[in-house]
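Chain residues, written in single-letter form:
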Amino acid sequence: QPPMTALHQLLDVDEKFLLGWPQLDHYRQSRAAQPLPNWGWLQSPATGLDPDWPSATGPRIFGYLQRSHPAYDAIVSCLQDGSWASLLYVAGASDGEVKSRSGARLQIVNRPVDLSKAFAQAQMLLGYGGPGTVYAALHAALPMVLLPIQVENLLFARQIVATGAGIMLLPHEVDQTLGKA
C-alpha cells in the first residue's frame, strides 16, 4: 500500500466488525443504534511454554498477571500458602523472582505459557481480565477469578460476573478475599 498522507486514513476500512461474543460486549447498549457484525472469538494459535505445574496436589490454578498489579504480593502469598497447585505467568517478573518465589505450591514463569495446554489441565483461571485469556478460559469451560487493573478490564470482568462464569475482586479486596474465592 502507498504511505498514508493523513492519520484519518488509518480508519478507512472495508468493514467494521466486533470480535468476541455479543453477550460480553460491555458497550453493546451504546452500539444498539448502529450494530456491527460480530465475527465471534478468533482463537489465537497455540504458542508458548508447555505448562510446568508445581509438585503439589490439589486443584490446578492457572494465573496470568502483570507484575505491576497493585495486589501482586498478596496474590503471590495467597497462592504460596493455599491448598492448590498454581502456575502463574507474570509479565515483567525477573528471573530472580521466578526462582525465589516459586515452590511446592506455586510455579512462577516469566515467559508466556501455551494457554490451550494449560487450560486443558487447569481447574480455574486467575487473571486480570484480558479478553484473549478470558475467551480462551470460557472456551475451556474454566471458572475464573478476575482481578482487573484497568477500566476496560473492569467493564469486561463485570460482564463475566453477570454471566455467572466468574467472580471479580478489586485490588483492595484481594488480601482478605482471594483465598476464599
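Preceding block: the structure.
These figures come from a predicted structure and were not determined experimentally.

**Q** What's the story with the nonpolar core in this structure? I'm lost.
**A** Grouped burial of nonpolar side chains is what soluble globular proteins tend to show. Judged by nonpolar contacts, the single largest core of 24 residues is most densely connected at Phe 62, Val 113, Phe 119, Met 144 and Ile 160. Elements represented by at least two residues in this core include exactly strand E2 (85–91), helix H4 (115–121), helix H5 (131–139), strand E5 (144–146) and helix H6 (151–163). Take this core: its biggest share by element is four residues, from H5. Setting aside chain neighbours within four positions, we find Met 144 in contact with Met 124, Leu 125, Val 134, Ala 137, Leu 138, Ile 160, Ala 165, Gly 166 and Ile 167. Trp 84, Leu 88, Met 124 and Leu 126 belong to the second largest nonpolar core, which has 22 residues in total.

**Q** Which parts of the structure should I look at to understand H6?
**A** Side chains that are three or four residues apart share a direction in an α-helix, a result of its 3.6 residues per turn. The terminal C-alpha atoms of H6, which comprises 13 residues, lie 19 Å apart, in line with the 18 Å expected from a rise of 1.5 Å per residue. Those residues of H6 that fall on the buried side of the exposure criterion are Asn 153, Phe 156, Ala 157, Gln 159 and Ile 160. Projected down its long axis, H6 shows its buried positions confined to an angular sector of 155°, all on one face. Pointing more than 90 degrees away from the buried face of H6 are the exposed residues Val 151 and Ala 162. On its buried face, H6 sits against helix H1 (28–31), H5, E5 and strand E6 (166–168). Taken from the residues just after H6, Gly 164 is the one with a positive phi, measuring 85°.

**Q** In this structure, what is going on with the side chain of Asn 153? I would like to understand it.
**A** Positionally, Asn 153 belongs in helix H6. Those residues within four positions of Asn 153 in sequence are excluded, and the remaining contacts are Tyr 128, Gly 129, Gly 130 and Pro 148.

**Q** Explanation requested: helix H2 (residues 72–81) in the structure shown.
**A** Along H2, the residues classified as buried are Tyr 72, Ile 75, Val 76, Cys 78 and Leu 79. Along the long axis of H2, the arc covered by the buried residues comes to 160°, so they all point the same way. Where H2 is buried, its residues touch strand E1 (60–66), E2, helix H3 (95–101), strand E3 (106–109), strand E4 (124–127) and helix H7 (171–177).

Cut-off values and rules
Residues numbered from 1 in each chain as written. Predicted model: local features only at pLDDT ≥ 70, side-chain atom pairs only at ≥ 80, totals over all residues. Heavy atoms only, no water. Core = buried A, V, L, I, M, F, W, Y, C linked by side-chain atoms within 4.5 Å. Buried < 20%, exposed > 50% of the residue type's maximum accessible area, 1.4 Å probe, protein only. Helix = DSSP H or I, 4+ residues; strand = E, 2+ residues; numbered from the N terminus. Contact = heavy atoms within 4.5 Å. Expected span 1.5 Å × (residues − 1). Arc of directions from axis to C-beta.

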